[in-house]
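What follows is each chain in one-letter form.
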Amino acid sequence: MPVLTVIGAQWGDEGKGKIVHYLSQGADWVVRYQGGDNAGHTVVFGGESFALHLVPSGILFSRTRNAIGNGVVVNPAALQREVRGLEERGIRVRGRLYVSLQAHVILPHHLALDRHREQGRDVIGTTLKGIGPCYEDKVARRGVRVADYLEPETFRELLAGALAAHEAELGRKEAARLKREALADYRSLRRFLEPFCEDTGRLLAAALSSGRRVLLESAQGAMLDLDHGTYPYVTSSNPVSGGAGVGSGLPPTAIDAVLGVAKAYTTRVGLGPFPTEMSESLAGRLRDKGREYGATTGRPRRVGWLDLPQLRSAVRVSGIGRLALTKLDTLSGTGPIRVCTAYRWKNRLLRDFPASRRAQREARPVYRELPGFSGELSACRNFAELPAAARRYVRWVEAELHCPAAIVSVGASHEQTVLHSEGSLWG
Ligand code: IMP
């Protein structure tokens, strides 16, 4: 009954979509446990490209079942668009996708609050999908869960309560308009959502007891974690592996192994500290080569060197046992490669990512320069085919992090995957 958790080990956009999709071949269930349609997982499969936001990447393998866990925040209209898009491309979704009755629902006022706050002074650079405000309502115990959404009377009552709580910020007229908006397509959205809704925790427990393999899929990344990331420039949930139990309804003891997905360099979107951010001239080259634009918002990603203090923290907090190192091909031809081994701050050498906001902003990376490599890596299918300097880079990172790279990815498509270390990834 193996359970594998796959998390993003950096600031999101590490290529989890591709890796989860690759591993879904061996999974019976794929489960999203946090976040919402702020995520954008790109999967290139059979010559086609799919951008998934809420639906787990396992949907693209016909035998895999998929669950949106209780820790996820669900925008019913966004889910409907995504399901329709998949169905139009011949993917069977009904009967293979289950949405937790305990997941919280993103409503029009969450989107409006997100937009409103992002125009204010303390901007985070969110995806504007209403994620933070929805989790806020959840924590304030005035949220609407999927189970509540399915009951018209309960829904109307809770919607009125939530809007009353936000009226001071939104204004009375705007709150009334948002209420009308939430009710306008409520009936059709409820009808759409209902067949997918289930007690997903119970389904997963039953799957495990009959020996099925479950893959728990995070969105975003360790450094966007509400507790362990670059607070307050984070998302409002827990992408670290500790969030997987809470957000799927499985006990933490059920999780056998954690795979961390990390790019061979680093990117982040949105504002916030990014100690190894590169100069724009080099960042621009990598951005173009690696197509570093947000899958959800299209925003250009900030680009930096690999950051070992950041990764050490991610490995420690999430108990990452193996890595998937992605986009190694993008680094080809960049010249010497820099890797941050520690930070210098106030005459101190820091080997771990600091908690202090000031330290996160002011710490200066200490770099080690490694020989670069060149050539077309995307045709390599096994480790020995990679250029010697690329192999050395991977081995050096593994040794520094005390963590083997089980997978090295050299391109967006399924086939462009190099399996490196021995043994099962499933623990
Ligand atoms: P929110 O999740 O929309 O509230 O955004 C909070 C922060 O998380 C912002 O910096 C976003 O850019 C970032 N973020 C949210 N989702 C993703 C993602 O899927 N990839 C990368 N960054 C993300």
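The model shown is predicted, which means the values in this text are computed figures rather than measured ones. (Residues numbered from 1 in each chain as written. Predicted model: local features only at pLDDT ≥ 70, side-chain atom pairs only at ≥ 80, totals over all residues. Heavy atoms only, no water.)

A.B. asks: Just checking my understanding: could you explain the site of the ligand for this structure?
C.D. replies: Taken together, 15 residues lie near the ligand, and Asp13, Asn38, Thr127, Thr235 and Arg299 sit nearest. Taking Thr127, its side chain carries an N or O atom lying 2.6 Å from an oxygen atom of the ligand. Within the contact set of the ligand, a nitrogen atom lies 3.2 Å away from a side-chain nitrogen or oxygen of Gln220. For the ligand, whose unbound accessible area comes to 470 Å², protein coverage reaches 96%. Counted by class, the shell around the ligand contains five nonpolar, eight polar and two charged residues. (Near = heavy atom within 4 Å. Polar contact = N/O pair within 3.5 Å; in protein donor to acceptor, adjacent residues only side chain to side chain. Areas by Shrake-Rupley, 256 points an atom, 1.4 Å probe, with all protein chains shown as cover. Nonpolar A, V, L, I, M, F, W, Y, C, P; charged D, E, K, R; others polar.)

A.B. asks: Would you mind going over helix α7 (residues 172-184) with me for this structure?
C.D. replies: Every α-helix carries 3.6 residues per turn, so stepping three or four residues along brings you back to the same face. A rise of 1.5 Å per residue sets the reference length of α7, with its 13 residues, at 18 Å; its end C-alpha atoms lie 18 Å apart and thus fit the reference within 8%. Along α7, the residues that are buried comprise Ala175, Leu178 and Ala182. Considered in projection along α7, the buried side chains sweep an arc of 60 degrees and stay on one side of the axis. Facing away from the buried side of α7 by over 90 degrees, the exposed positions are Arg172, Lys173, Arg180 and Ala184. Looking at the buried residues of α7, the elements they touch are α3 (108-118), α6 (152-170) and α8 (186-193). (Helix = DSSP H or I, 4+ residues; strand = E, 2+ residues; numbered from the N terminus. Expected span 1.5 Å × (residues − 1). Buried < 20%, exposed > 50% of the residue type's maximum accessible area, 1.4 Å probe, protein only. Arc of directions from axis to C-beta. Contact = heavy atoms within 4.5 Å.)

A.B. asks: Please clarify how the layout of surface pockets should be interpreted in this entry.
C.D. replies: Gaps left between atoms show up when a probe the size of a water molecule is rolled over them. The volume enclosed by the second largest pocket comes to roughly 390 Å³. Along the walls of the second largest pocket sit 20 residues, with Asn75, Ala77, Ala78, Arg81 and Leu111 positioned nearest its centre. Elements represented by at least two residues in the lining of the second largest pocket include exactly α2 (76-88), α3 and α7. At five residues, the largest contribution of residues to the lining of the second largest pocket is made by α2. (1 Å grid on protein atoms, 1.4 Å probe; cavity = no way out; pocket = protein on both sides within 12 Å on 5 of 7 lines; lining within 4 Å. Points joined across faces, edges and corners; volume = space filled by probe spheres on them.)

A.B. asks: Can you walk me through the pattern of salt bridges in this structure?
C.D. replies: Note on pairing: side chains with opposite charge can pair once their charged atoms come close. Enumeration according to the criterion identifies 21 salt bridges in this entry. Of the charged contacts, one joins Arg287 and Glu280 as a salt bridge, the two residues approaching to 2.8 Å between their closest N and O atoms. Here Arg312 and Glu400 are joined by a salt bridge, their closest N and O atoms 3.6 Å apart. In this pair, Arg312 is assigned in helix α12 (residues 308-318) and Glu400 in helix α15 (residues 388-401), connecting sequence segments 88 residues apart. The structure contains a network of salt bridges with shared partners spanning Asp13, Lys263, Glu292, Arg301 and Lys327. (Salt bridge = Lys/Arg side-chain N within 4 Å of Asp/Glu carboxyl O.)

A.B. asks: Looking at this model, I keep getting lost on the sheet that holds strand β5 (residues 65-68). Mind explaining?
C.D. replies: Across a sheet, paired strands are connected by hydrogen bonds in the backbone, their directions being either parallel or antiparallel. On the basis of which strands lie adjacent, the open sheet formed by 10 strands has the order β9-β7-β5-β2-β10-β1-β11-β15-β19-β20 and mixed pairing. A strand with exactly one partner marks an edge of an open sheet, and here the two such strands are β9 (197-198) and β20 (417-419). Against the sheet, helix α1 (residues 16-24) makes contact with β1 (3-8), β2 (29-32), β10 (214-217), β11 (257-263), β15 (322-326), β19 (405-409) and β20, and its axis sits at roughly 165 degrees relative to β1, the strand it touches most. (Pairing = 2+ DSSP bridges. Axes fitted to C-alpha atoms, helices over the stretch in contact; angles between N-to-C directions.)

A.B. asks: Could you clarify how one ought to interpret the packing of α3 against helix α4 (residues 131-139) in this entry?
C.D. replies: In helix packing, the relevant descriptors are the interaxial angle and the interaxial distance, both defined with respect to the helix axes. The geometry of α3 relative to α4 is characterised by a closest axis approach of 7 Å and an angle of 120 degrees between their N-to-C directions. Between α3 and α4, the angle is such that the two are oblique. The interaxial crossing formed by α3 with α4 has right-handed handedness. In contact with His109, His110, Leu113, Asp114 and Arg117 of α3, α4 contributes Ile131, Pro133, Cys134, Glu136 and Asp137. (Parallel < 35°, antiparallel > 145°, perpendicular 65-115°, else oblique. Left-handed = near helix turned anticlockwise from the far one by under 90°.)

A.B. asks: Looking at this structure, I do not really get unusual backbone geometry. What am I missing?
C.D. replies: Negative phi is the rule for most residues except glycine; trans is the rule for most peptide bonds. A cis amide bond links Tyr231 to the next residue, Pro232, at an omega of 5 degrees. For Pro232, the location among the structural elements is in the loop between β10 and α10 (242-248). The phi torsion at Arg291 lies on the positive side, around 45 degrees, for a residue other than glycine. Structurally, Arg291 can be placed in the loop between α11 (280-289) and β13 (302-304). Given a relative accessible area of 59%, Arg291 falls into the exposed group. Positive phi values are uncommon outside glycine, yet Asn347 reaches one of about 60 degrees. Among the secondary structure elements, Asn347 is positioned in the loop between β16 (337-345) and β17 (348-350). Look at Asn347 and you get exposed, because its relative accessible area is 77%.

A.B. asks: How should I be thinking about the side chain of Lys16 in this particular structure?
C.D. replies: Relative to the assigned elements, Lys16 resides in helix α1. Other than its neighbours up to four places away in sequence, Lys16 contacts Ile7, Gly8, His21, His41, Ser218, Ala219, Gln220 and Val261.

A.B. asks: Can you help me understand the pairing of β11 in this one?
C.D. replies: When a strand is regular, its side chains alternate between the sheet's two faces. For β11, the buried fraction is high: seven of the seven residues fall into the buried class. Here β11 shows no split at all, with Ala257, Leu259, Val261 and Lys263 on one side and Val258, Gly260 and Ala262 on the other all buried. Of the pairings in the sheet, the one linking β1 to β11 comprises five bridges and is parallel in character. Looking across to β11, one finds that Leu4 is bridged to Ala257. Across five bridges, β11 lies against β15 in parallel orientation. Directly across from Ala262, in β15, lies its bridge partner Leu325.

A.B. asks: I'm lost on the packing of α3 against α7 in this one. Help?
C.D. replies: In the contact formed by α3 and α7, the axes pass within 8 Å of each other and the chain directions differ by 135 degrees. Regarding the angle of α3 to α7, the classification is oblique. In this structure, α3 contributes Pro108, His109 and Ala112 to the contact, and α7 contributes Glu174, Leu178, Glu181 and Ala182. Residues belonging to the contact of α3 with α7 are distributed by class as follows: four nonpolar, one polar and two charged.

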